[in-house]
Amino acid sequence: MYDSVLIRYGEIGTKRDNRYIFEDQLLSNIRAALADLGEREYAKTYGRMYVELKGDQDLVVPRLQRVFGIVGISPARRAELQLDEIKQVAQAVFADARKKGKGPVSFKVEVRRPYKHFPLQSPQIAREVGGAVLEEADSEVSVDVHNPDIRVDIEVRAEGAYVYAQDFGGPGGLPVGTSGRGTLLLSGGIDSPVAGWMAMKRGVAISGVYFHSFPFTTDRAKEKVLDLAAVLARYSGRMDVHVVHFTDLQKAIYEHAPAKLGVTVMRRMMLRIAERIAQEEKSLALFTGESVGQVASQTLNSIAVTNAAANMPVLRPLIAMDKREIVDLAKQIGTYDISVRPYEDCCTLFVPKHPETKPRMEAVLRAEASFDFEALIADALSQTETIKMQPR
Ligand code: ATP
Ligand code: MG
């Protein structure tokens, strides 16, 4: 039925001078999202993008719904620049949109005419085509120009008139890659994948750092993190995960730091390591899945003391969200079912029964001074493996 998809984008339009950077990135992200579905044509005109359909609307539309920067997705059908054909196509497009609802329905025809050589003007085309649609429709169909149930859009361009009446809606946000790179501390939990998704939504290209404490955490835990990264990659085209071997450092913390401070010291070590990796990959900020007050290590006190170990901004997209809101988002993104698989993460194993909710900086620094953590960090970094994940 449809031969192309018309894509509208939002916020990009407001970045006047850099507009082309945003548009180019969006187009390249759209191409990447559809690459494995076969060759097709892509076009960019009049502040919209067009993607050719090859009878594969059901595959293409869900993919586009994960490309940040897109706000509207409308399957369209092209008519030759000839009034009779435009009428026929509009009747078919309307009938298809109508099929989805039952009962009385109102519509209007909206015309744009960037191609000024077409002999009729927009209001005339709208009137003619509206009449044709009404003529062919049943008695429950009426015209309502102010608040129609269905809007039949016609865009008259040099190569044809594009007719569409549905909008599947896009995810909004900014194209991934237009806001620089960030490094996400990615655990197997519910929160950090959501934090990564939110950063991507604002255009940040994300790679993950996962702290693995084999054999205290099994390879199933690592697999889980990689599976999460593969889901996140659906939104960004790809995602690198740096797997840091954290066992020796974790053991040393357990041995040398007072039990109550173990988690705080561990988090600080994680930030230090993630920061080195971030610097290497020219990342501008770290991201975590922390939310204030969620657990002992996420009181404002703990966050403040942990934060001080990093020089780079540590951004926490979930900071003010309730667990329920985070869970809802995780389900929507597609990470939830993976996150709730039962494998322990490294932290649950070493977490004491009563972690300190108000760690004092001097006590933390004293604990850290009691062992050579720099050597252990260097060791962990040298053993880090990077795994490139593709969307799955
Ligand atoms: P999550 O669901 O993201 O694991 P959480 O509520 O379980 O979060 P914590 O386990 O306290 O919280 O971890 C807080 C944050 O620290 C995580 O959101 C994540 O960014 C980071 N983090 C924790 N453990 C790891 C790990 N093993 N590897 C990488 N990052 C981690
Ligand atoms: Mg966790």
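A brief structural summary. (Residues numbered from 1 in each chain as written. Chains lettered and ligands numbered in written order. Predicted model: local features only at pLDDT ≥ 70, side-chain atom pairs only at ≥ 80, totals over all residues. Heavy atoms only, no water.)

A few words now on the sheet that holds strand S9 (residues 181-185). Spatially, S13-S12-S9-S10-S11-S14 is the arrangement adopted by the six strands of the open sheet, whose pairing is mixed. At either margin of the open sheet sits one strand with a lone partner, and together these are strand S13 (314-315) and strand S14 (385-389). Across five bridges, the pairing between S9 and strand S10 (residues 205-212) is parallel. Counted as the bridge partner of Thr 183 is Ser 207 from S10. In the packing of helix H5 (residues 191-201) onto the sheet, the strands contacted are S9, S10, strand S11 (239-245) and strand S12 (285-287), and the crossing angle to S9 comes to about 170 degrees. Relative to S9, helix H8 (residues 262-280) is tilted by about 150 degrees, and along the sheet it contacts S9, S10, S11, S12 and S13. (Pairing = 2+ DSSP bridges. Helix = DSSP H or I, 4+ residues; strand = E, 2+ residues; numbered from the N terminus. Contact = heavy atoms within 4.5 Å. Axes fitted to C-alpha atoms, helices over the stretch in contact; angles between N-to-C directions.)

A few words on the nonpolar core. Grouped together as the largest cluster of nonpolar side chains are 43 residues, with contacts concentrated most on Ile 30, Leu 64 and Ile 154. Per-element accounting of this core gives the leading share, six residues, to helix H3 (residues 83-98). Apart from the residues lying within four places of it in its own chain, the contact partners of Leu 64 are Val 5, Ile 7, Ile 30, Leu 34, Ile 70, Ile 73 and Pro 171. Among the nonpolar cores identified, the runner-up in size contains 36 residues, and Val 194, Leu 232, Ala 285 and Leu 318 belong to it. (Core = buried A, V, L, I, M, F, W, Y, C linked by side-chain atoms within 4.5 Å. Buried < 20%, exposed > 50% of the residue type's maximum accessible area, 1.4 Å probe, protein only.)

Let's shift gears to unusual backbone geometry. Residue Phe 214 is joined to Pro 215 through a cis peptide bond whose omega torsion reads 0 degrees. Within the secondary structure layout, Pro 215 lies in the loop between S10 and helix H6 (219-232). Look at Lys 282: it is not a glycine, yet its phi comes out positive at around 60 degrees. Residue placement: Lys 282 occurs in the loop between H8 and S12. Residue classification places Lys 282 among the exposed positions, given a relative accessible area of 68%.

This part is about the sheet that holds strand S1 (residues 4-9). Spatial ordering of the open sheet is given by S2-S3-S1-S4-S8-S7-S5-S6, a layout of eight strands whose pairing is mixed. One side of each edge strand has no neighbouring strand; the edge strands of this open sheet are strand S2 (42-45) and strand S6 (141-143). Mean inter-strand twist for the sheet, computed between neighbouring axes without regard to direction, equals 30 degrees. Where S2 lies against strand S3 (residues 48-52), four bridges are found, and the strand directions are antiparallel. Residue Tyr 42 lies in a different strand from S3, and its bridge partner there is Val 51.

On to the environment of Thr 45. Among the structural elements, Thr 45 can be located in strand S2. Each C-alpha atom of the pair Thr 45 and Arg 157 lies 9.7 Å from the other, and the pair is 112 residues apart in sequence. With residues up to four places along the chain from it excluded, the contact list for Thr 45 reads Tyr 50 and Arg 157. A distance of 3.4 Å separates the side chain of Thr 45 from the side chain of Arg 157, its partner in a polar contact. (Polar contact = N/O pair within 3.5 Å; in protein donor to acceptor, adjacent residues only side chain to side chain.)

Right, let's get into the packing of helix H1 (residues 19-34) against helix H2 (residues 57-64). Contact geometry of H1 with H2 gives a least axis separation of 10 Å together with a crossing angle of 135 degrees. Judged by the angle between their axes, H1 and H2 are oblique. Once H1 is placed against H2, the crossing between them reads as right-handed. Counted together, Ile 30, Ala 33 and Leu 34 of H1 and Val 60, Arg 63 and Leu 64 of H2 form the full contact between these two elements. Broken down by class, the residue content of the contact of H1 with H2 amounts to five nonpolar, no polar and one charged. (Parallel < 35°, antiparallel > 145°, perpendicular 65-115°, else oblique. Left-handed = near helix turned anticlockwise from the far one by under 90°. Nonpolar A, V, L, I, M, F, W, Y, C, P; charged D, E, K, R; others polar.)

On to the pattern of salt bridges. Pairing between side chains of opposite charge can happen when their charged atoms approach one another. Taken as a whole and judged by the stated rule, the model has 28 salt bridges. A salt bridge links Glu 368 to Arg 272, with the shortest nitrogen-to-oxygen separation between them at 2.9 Å. Note that Glu 368 is positioned in helix H13 (residues 361-369) and Arg 272 in helix H8, a separation of 96 residues in sequence. The salt bridge involving Glu 290 is made with Arg 316; its shortest N-O contact spans 2.8 Å. In this pair, Glu 290 sits in the loop between S12 and helix H9 (300-307) while Arg 316 sits in the loop between S13 and helix H10 (323-333), placing the two residues 26 residues apart along the sequence. Exposure class is identical for Glu 290 and Arg 316. Each is buried. (Salt bridge = Lys/Arg side-chain N within 4 Å of Asp/Glu carboxyl O.)

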